[in-house]
Amino acid sequence: MEIIGKIIVALPEVSGVSSRGNSWKKREYVLETIETYPKKIHFDFFGERADQYPLNIGDTIKLSFDIESRDYNGRWYTSIRGWKAEPAQAEAMAAQAGGFAPAGQAFPNPAVQGGAPTPFPPAPQADAFPTPQSAPNDDLPF
């Protein structure tokens, strides 16, 4: 899955040693989506990806991630594990924001092909839509 947003929180790196003696580390972030109603999403990079994708507050990224749930003592916990982060492109940000282009950019005009505008069909003539004959005692305003 993928989502585009801006990093608003970068939590400190957490590391440790597993019960098997393997060292591990993770970096956690909070991303705010670029939508009409922004959402905040907590995610992490685990293991070598923690060093591979160092992110800073204010970075606008496209995050590729997996969602995983697990049971612990009868309660379910869900985590969002990032596996790739790359700078977001303006077109992708605009598409996620509801189709509005960022300031200074525009979407291609479908009416323009090859640099020349395509002609629009001519406007209908005045008599193309005849008005219905009203009844003599019709006092409706429309």
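Here is a short report on the structure shown in this document.

Thresholds applied
- Residues numbered from 1 in each chain as written.
- Predicted model: local features only at pLDDT ≥ 70, side-chain atom pairs only at ≥ 80, totals over all residues.
- Heavy atoms only, no water.
- Helix = DSSP H or I, 4+ residues; strand = E, 2+ residues; numbered from the N terminus.
- Contact = heavy atoms within 4.5 Å.
- Areas by Shrake-Rupley, 256 points an atom, 1.4 Å probe, with all protein chains shown as cover.
- Phe/Tyr/Trp six-rings, centres within 6.5 Å; stacked < 30°, edge-to-face > 60°.
- Core = buried A, V, L, I, M, F, W, Y, C linked by side-chain atoms within 4.5 Å.
- Buried < 20%, exposed > 50% of the residue type's maximum accessible area, 1.4 Å probe, protein only.
- 1 Å grid on protein atoms, 1.4 Å probe; cavity = no way out; pocket = protein on both sides within 12 Å on 5 of 7 lines; lining within 4 Å.
- Points joined across faces, edges and corners; volume = space filled by probe spheres on them.
- Nonpolar A, V, L, I, M, F, W, Y, C, P; charged D, E, K, R; others polar.

1. Quick notes on the overall build of the protein chain
Helix and strand counts for the protein chain stand at two helices and eight strands. When the elements of the protein chain are put in sequence order from the N terminus, they spell out β-β-β-β-α-β-β-α-β-β. Within the protein chain, contacts between residues separated by at least 24 positions form 49% of all contacts whose residues are at least 6 apart in sequence. For the protein chain, the accessible area works out to roughly 10800 Å², and carbon and sulfur atoms hold 56% of it.

2. Thoughts on the packing of aromatic side chains
Under the definition given, this model contains five aromatic pairs. Summarising the aromatic geometry, the rings of Tyr29 and Phe45 are spaced 6.3 Å apart at their centres and angled 70 degrees between planes, so their arrangement reads as edge-to-face. Of the two residues, Tyr29 is situated in strand 3 (residues 23-33) and Phe45 in strand 4 (residues 40-46); the sequence distance between them amounts to 16 residues. Following the ring pairs from residue to residue traces out a cluster consisting of Tyr29, Phe43, Phe45 and Tyr53.

3. Thoughts on the nonpolar core
The biggest cluster of nonpolar side chains holds 14 residues, and the ones touching the most others in it are Ile7, Leu31, Phe43, Phe45, Leu55, Ile61 and Leu63. The set of elements that each furnish at least two residues to this core consists of strand 1 (2-10), strand 3, strand 4, strand 5 (60-72) and strand 6 (75-87).

4. Overview of unusual backbone geometry
A negative phi holds for most residues other than glycine; trans holds for most peptide bonds. Here the phi dihedral of Asn73 falls at roughly 55 degrees; this positive angle occurs in a residue that is not glycine. Its location among the elements puts Asn73 in the loop between strand 5 and strand 6.

5. Things to note about the layout of surface pockets
Counted as a void, the largest pocket has a volume near 220 Å³. Every residue along the wall of the largest pocket is listed here: Trp24, Lys26, Glu28, His42, Asp44, Phe46, Glu68, Arg70, Thr78, Ser79, Ile80 and Arg81. Secondary-structure elements contributing two or more residues to the lining of the largest pocket are strand 3, strand 4, strand 5 and strand 6. Broken down by element, the lining of the largest pocket gets its largest block of residues, four residues, from strand 6. A class-by-class count of the residues in the lining of the largest pocket yields three nonpolar, three polar and six charged.

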